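Notes for the structure review
So the chains spell out like this:
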Amino acid sequence: MIKDTFGRIHNYLRISLTDNCNLRCFYCMPEEKYAFAPAAKLMQVQEIETIVKLFVDHGVKKIRLTGGEPLVRKDAPKILKSLGKLNVELAITTNGIRVNEMLIELLEANIKTVNVSLDTLQREKFLKITRRDLFDRVRKNIDLLLENNVRVKINVVIMKGLNDDEILSFIQLTKNHNLEVRFIEFMPFTGNLWTSNQVYTLHEILLKVSSRYDIIPVEPLPNDTSSKYRIDGHSGAFAVISTMSQPFCDTCNRMRLTADGKLKNCLFSKDETDLLGALRNGEDILPLITQTMMSKAKALGGQFSGVFEDIDVSKLENRSMITIGG
């Protein structure tokens, strides 16, 4: 098992396949002319398989593929086929645009859960946020996943003045659809123009929802990063990821592998370990993994306290979200 100095067992690995994306969401990748990492610097199919097998041999039970947009990689089908053979729970986070093109590969890889990033239910606002007119395709592909009995979670980054007026509209989706809407508090990363007054907190979200519905809390599972709720008579559920207002670091079991093969022990950690470079040099990377996780801070990468209003973003040391992986 992979542990840190606080006794937390890490059995969940999130792997970014690419920093490339077919959307241009301003809070994730603010530059239109973004310099994507060249293919040679990314982990290749065999390298991903080698690294992942080592993690699985040391206790990893769940793997989530992220990006960028993971399905834009030309060899994504090969990666899905390779990892689909492992004895792990395999999931993916996607913007949903290529789901129809890759549905067969997703199903054959035995992916049971697909998280779809969708921050608005309004076509014009979708264009404003993503700079791409692809709203209808995403909505159709969510329906396609549900029709094929894939568990769907919709990831919604909530920002004051942008989409907080749509919270109840998202909740309405859960009435007749067996899906989970997950509201995510806006988090600071390099280049995403974060300010504390844009954060719409767990408390505020619950106040908004409770103005119309009676909320039923759901008992959390071990290592949950969200607070989950049901509404009587609704087929689905909703949850809030309260990283900024109520962090959940005490039970964190996550490790992150960037597309260029760097291991991060926390989403907010400023340090990272080059596993890919070591692998290509023929080194044993297990000691690097162990050392990296043993150096994990108690909370939030050791970069700020739980009082998000006091964060000085100019002092944060981290990558942009798209280069870390969602």
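The following refers to the structure shown.

Take the overall build of the chain next. When its secondary structure is counted, the chain shows ten helices and twelve strands. Each principal axis of the C-alpha distribution contributes one length, and for the chain these read about 60 × 45 × 40 Å. Split into buried and exposed, the 326 residues of the chain put 53% on the buried side. Here the contacts in the chain between residues at least 6 apart in sequence split such that 72% fall between residues at least 24 apart. A total accessible area of about 14900 Å² is found for the chain, and carbon and sulfur atoms account for 49% of it. In the chain, 44 positive and 40 negative side-chain charges are present, and the distance between their average locations comes to 2 Å.

Every buried residue of helix H7 (residues 202-210) is accounted for by Leu202, Ile205, Leu206 and Val209. Projected down its long axis, H7 shows its buried positions confined to an angular sector of 95°, all on one face. Contacts made by the buried residues of H7 are with helix H6 (167-176), strand S6 (180-185), strand S7 (215-217), strand S8 (227-231) and strand S9 (237-241).

On to the packing of aromatic side chains, then. Here the structure, examined in full by the defined rule, presents four aromatic pairs. Measuring from centroid to centroid gives 5.7 Å for Phe126 and Phe135, while their planes differ by 65°, and the two rings are edge-to-face. The pair formed by Phe126 and Phe135 is uniform in burial state, with each residue classed as buried. With a centroid separation of 5.2 Å and 25° between ring planes, the pair formed by Tyr229 and Phe238 is classed as stacked.

Before going further, it helps to spend a moment on the environment of Lys175. Among the secondary structure elements, Lys175 is positioned in helix H6. For Lys175, a relative accessible area of 32% translates into the label partly exposed. Along the primary structure Lys175 and His234 are separated by 59 residues, whereas in three dimensions their C-alpha atoms are 4.0 Å apart. Lys175 has contacts with Gly233, His234 and Ser235, leaving out every residue within four places of it along the chain.

The next thing to look at is unusual backbone geometry. The amide bond that connects Gly67 to the next residue, Gly68, takes the cis arrangement and shows omega of 15°. Within the fold, Gly68 resides in the loop between strand S2 (62-66) and helix H2 (76-83). Although it is not a glycine, Asn223 adopts a positive phi angle of roughly 70°. Within the secondary structure, Asn223 is located in the loop between S7 and S8. Given the relative accessible area of 27%, Asn223 is considered partly exposed. One non-glycine residue with positive phi stands out, namely Leu300, at about 55°. Locating Leu300 in the fold gives a position in the loop between helix H9 (286-294) and helix H10 (321-324). In this structure Leu300 comes out as buried when scored by relative accessible area, which is 5%.

So, about the nonpolar core. By size, the foremost hydrophobic cluster in this structure holds 96 residues, and its most contacted members are Ile15, Phe55, Ile63, Leu65, Ile154, Phe183 and Phe238. The contacts of Ile63, once residues within four sequence positions are left out, are Tyr12, Leu13, Ile15, Val52, Val56, Val88, Glu89, Leu90 and Ala91.

Here the focus is the sheet that holds S8. Across the sheet, twelve strands lie side by side as S7-S8-S9-S6-S5-S4-S3-S2-S1-S10-S11-S12; this open sheet has mixed pairing. The open sheet has two free edges, formed respectively by S7 and strand S12 (273-274), since each of these has just one partner strand. Two strands pair when backbone bridges link them, and strand S3 (residues 89-94) and strand S4 (residues 113-117) are joined in this way by four bridges, in the parallel orientation. By the bridge assignment for S4, Ala91 is matched with Thr113.

Further remarks concern the pattern of salt bridges. Within the structure shown, the criterion is met by 14 salt bridges. Here Lys53 makes a salt bridge to Glu49, at a shortest N to O gap of 3.0 Å. With a gap of four residues between them, Lys53 and Glu49 both fall in helix H1 (residues 45-57), about one helical turn apart. Looking at Glu49, the relative accessible area reads 18%, which means it is buried.

The rules we used
Residues numbered from 1 in each chain as written. Predicted model: local features only at pLDDT ≥ 70, side-chain atom pairs only at ≥ 80, totals over all residues. Heavy atoms only, no water. Helix = DSSP H or I, 4+ residues; strand = E, 2+ residues; numbered from the N terminus. Buried < 20%, exposed > 50% of the residue type's maximum accessible area, 1.4 Å probe, protein only. Contact = heavy atoms within 4.5 Å. Areas by Shrake-Rupley, 256 points an atom, 1.4 Å probe, with all protein chains shown as cover. Lys, Arg positive; Asp, Glu negative; His and termini not counted. Charge placed at Lys NZ, Arg CZ, Asp CG, Glu CD. Arc of directions from axis to C-beta. Phe/Tyr/Trp six-rings, centres within 6.5 Å; stacked < 30°, edge-to-face > 60°. Core = buried A, V, L, I, M, F, W, Y, C linked by side-chain atoms within 4.5 Å. Pairing = 2+ DSSP bridges. Salt bridge = Lys/Arg side-chain N within 4 Å of Asp/Glu carboxyl O.

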